[in-house]
Amino acid sequence: MIGGIKMSEIKKGYSKFQLLGTVKLNDKTFAINQKGKNKPSYIYNSLNLGIDCGVEESNVIYATLLGGYDTTRQNIIYCHGVKEENGKLVDNFDEQIIVDFQDRNKENKDIAQSCYITVGIVKDVNDRIVEKKFLSAYDVVEYLKENLVEGMTVSVRGNLKYSSYQGKTQMKREITSIWLSTVKKEDFKATFNQTVWFTQDSFGEKDENGYLPLYGYVVDYYNKDVGNVCYPITLEIDTNVMKKYEMIIKTYLRPSNAENVNKVVVEGRWIKTDNGTDLKYEDLSDDLKQMVDLGMLDEQEALGRAVGSTRGEFKTLFKSICTKRDSTTGAVSLLVDNTNTKVEDIVKVPEENKGETVLKAVGSEVETKKVTPIEDDNGDDPFADLFN
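The structure contained in this document is the topic of the report that follows. (Residues numbered from 1 in each chain as written. Predicted model: local features only at pLDDT ≥ 70, side-chain atom pairs only at ≥ 80, totals over all residues. Heavy atoms only, no water.)

1. Remarks on the packing of aromatic side chains
Consideration 1: Under the criterion given, the structure shown has 7 aromatic pairs.
Consideration 2: Look at Tyr69 and Phe101: their rings are 5.6 Å apart centre to centre, the planes differ by 35 degrees, and that puts the pair in the tilted class. Of the two residues, Tyr69 sits in strand S4 (residues 60-70) while Phe101 sits in the loop between strand S6 (88-100) and strand S7 (117-123), which places them 32 residues apart along the sequence.
Consideration 3: Here Tyr69 falls in the partly exposed class, since its relative accessible area comes to 24%.
Consideration 4: Residue classification places Phe101 among the buried residues on the basis of a relative accessible area of 11%.
Consideration 5: Seen in terms of ring centroids, Phe134 and Tyr143 are 5.6 Å apart; in terms of plane orientation they differ by 45 degrees. Their pairing is tilted. Side by side, Phe134 and Tyr143 carry an identical accessibility label, which is buried.
Consideration 6: Over the aromatic face of Phe101 sits the side chain of Arg104, whose NZ or CZ is 3.9 Å from the ring centroid.
Consideration 7: One cation-aromatic arrangement involves Arg173 over Trp270; the distance from NZ or CZ to the ring centre is 4.3 Å. (Phe/Tyr/Trp six-rings, centres within 6.5 Å; stacked < 30°, edge-to-face > 60°. Helix = DSSP H or I, 4+ residues; strand = E, 2+ residues; numbered from the N terminus. Buried < 20%, exposed > 50% of the residue type's maximum accessible area, 1.4 Å probe, protein only. Lys NZ or Arg CZ within 6 Å of the ring centre and 35° of its normal.)

2. Side note on helix H2 (residues 245-253)
Consideration 1: Taken together, the buried positions of H2 are occupied by Tyr245, Ile248, Ile249, Tyr252 and Leu253. The buried residues of H2 occupy one face: seen down the axis, they fall within an arc of 110 degrees. Relative to its buried face, H2 has exposed residues pointing more than 90 degrees away, namely Glu246 and Lys250. (Arc of directions from axis to C-beta.)

3. Considerations on the side chain of Arg104
Consideration 1: Mapped onto the secondary structure, Arg104 falls in the loop between S6 and S7.
Consideration 2: In contact with Arg104, other than residues within four places in its own chain, are Ile77, Val99, Leu135, Ser136, Tyr138 and Asp139. (Contact = heavy atoms within 4.5 Å.)

4. Regarding the pattern of salt bridges
Consideration 1: Summed over all chains, the structure comprises 11 salt bridges.
Consideration 2: With a shortest N-O distance of 2.9 Å, Asp70 and Lys39 are connected by a salt bridge. Of this pair, Asp70 sits in strand S4 while Lys39 sits in the loop between strand S2 (30-35) and strand S3 (42-52), and the two are 31 residues apart along the sequence.
Consideration 3: We classify Asp70 as buried; its relative accessible area is 2%.
Consideration 4: Exposure remark for Lys39: the relative accessible area of 43% places this residue in the partly exposed category.
Consideration 5: Lys172 is the salt-bridge partner of Glu174, the closest N and O atoms lying 3.9 Å from each other.
Consideration 6: Using a relative accessible area of 24% as the deciding quantity, one classes Glu174 as partly exposed.
Consideration 7: With a relative accessible area of 27%, Lys172 lands in the partly exposed category.
Consideration 8: Taken together, the salt bridges that share partners define one network made up of Lys39, Asp70 and Arg73. (Salt bridge = Lys/Arg side-chain N within 4 Å of Asp/Glu carboxyl O.)

5. Notes on the nonpolar core
For soluble globular proteins, nonpolar side chains are generally found buried alongside one another.
Consideration 1: Residues Leu19, Leu214, Leu253 and Trp270 are the most contacted members of the largest nonpolar core, which totals 56 residues.
Consideration 2: Those residues in contact with Leu19, other than ones at most four positions away along the chain, are Ile51, Cys53, Ile61, Ala63, Val154, Ser155, Val156, Lys189, Ala190 and Trp270.
Consideration 3: Ranked by size, the runner-up nonpolar core spans 11 residues in total, among them Cys79, Val99, Leu135 and Tyr138. (Core = buried A, V, L, I, M, F, W, Y, C linked by side-chain atoms within 4.5 Å.)

6. Some words on helix H1 (residues 137-147)
The periodicity of an α-helix, 3.6 residues per turn, causes residues three or four positions apart to be oriented the same way.
Consideration 1: Those residues of H1 that sit buried are Ala137, Tyr138, Asp139, Val140, Val141, Tyr143 and Leu144.
Consideration 2: Elements in contact with the buried residues of H1: S2, S3, S4, S7, strand S8 (129-134) and strand S10 (168-180).
Consideration 3: The N-capping residue of H1, defined by a side-chain oxygen 3.1 Å from the backbone nitrogen of Tyr138, is Ser136. (Polar contact = N/O pair within 3.5 Å; in protein donor to acceptor, adjacent residues only side chain to side chain.)

7. Some details on the pairing of S10
Consideration 1: Pairing of S7 with S10, which is carried by 3 bridges, proceeds in the parallel orientation. Bridge pairing in S10 links Val119 to Ile178.
Consideration 2: Remark: 2 residues form the turn of the hairpin made by strand S9 (residues 153-165) and S10, two consecutive strands paired antiparallel; Gln166 in that turn has positive phi of roughly 55 degrees. (Pairing = 2+ DSSP bridges.)

8. Quick look at the pairing of strand S12 (residues 211-223)
A regular strand places its side chains on the two faces of the sheet in alternate fashion.
Consideration 1: With 12 bridges connecting them, S12 and strand S13 (residues 227-238) associate as antiparallel partners. Directly across from Pro213, in S13, lies its bridge partner Glu236.
Consideration 2: Taking the residues that link successive antiparallel strands as the turn, the S12-S13 hairpin has 3 residues.

9. Describing the environment of Trp179
Consideration 1: Looking at the element boundaries, Trp179 is found in strand S10.
Consideration 2: Residues Trp179 and Ile121, 58 residues apart in the sequence, show an inter-C-alpha distance of 5.4 Å.
Consideration 3: With near-sequence residues (within four places) excluded, Trp179 lies in contact with Thr118, Val119, Gly120, Ile129, Glu131, Thr153, Val154 and Ser155.
Consideration 4: At 3.3 Å, the side chain of Trp179 and the side chain of Thr118 are in polar contact.

Here you go:
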């Protein structure tokens, strides 16, 4: 507990990504049956998969998987069940289901579908995609190594995970599904939906190229003693494209006073920029190479760190604000919450935690099932004129 508040009460909110593009394979994509460096009894498979999401030029974005088992102890997988709600089966997070690692591939209809990593990259004799479901990333990596082909057009979805390394926020894209796609090259993209917290100090000045930084916070798990914490992140607005950015900031992002914090579910995208360096993987330090090999960093981010900044490798751009549609009235509203959280609720955690911040109160939570999927086009958007 910190400040008398249980950290389990902090909610992460929405944190999803999608990559649409072509598969890029290299000799660092797969690591099969490797031994843990600090724990040789841990045997793991890892994936660091590049997807070229570029339309006019290459824009390779990486996503990861890591799974394994310990040869010295029993290995288990934690899952959850389902329940009926309004005539539909939904996730029941109150029902924990424990699966022995040896039984992970046995069918269990009590397990919620969201516990599985799903793959559809192989077609049957009738040209229909064959779905494969896995509880462990260990098996997914082996299956992908056998069946993934350079140049495949795929849709990769997953969760964004945050941590800290040497006082800097580290983001990892963790895959939950990968499927063949028929999308055309002009529709390739690298996008995300993320709950972000903004204070009045979250807004910088635009640079000479028209990019304006947004300094926000995201919530993620730290450890069992601390619970969830807030990690600082930076997004940018391209003011050359988003002409009404000042109105957007004033109306939706900036809190009404210095005491409040706004929680906003943003839509964003990653784009490639020129970092002016010819560094390659072989030029990285041993520590950075190890982080790439373990899936802690993708190769782009590691190269960015080697030259002192990831900003030259790709930009994380604010695109819009996610919406929800009222199931009864059909009314569409933006996912913005500015009601319950105060700046004083954001505090530093102990020094050894390298500067992460803890959010002690969260206010009301967004129902993520109502968030507009990032790949969907809902037709007439009442907010389209504002964000274009």
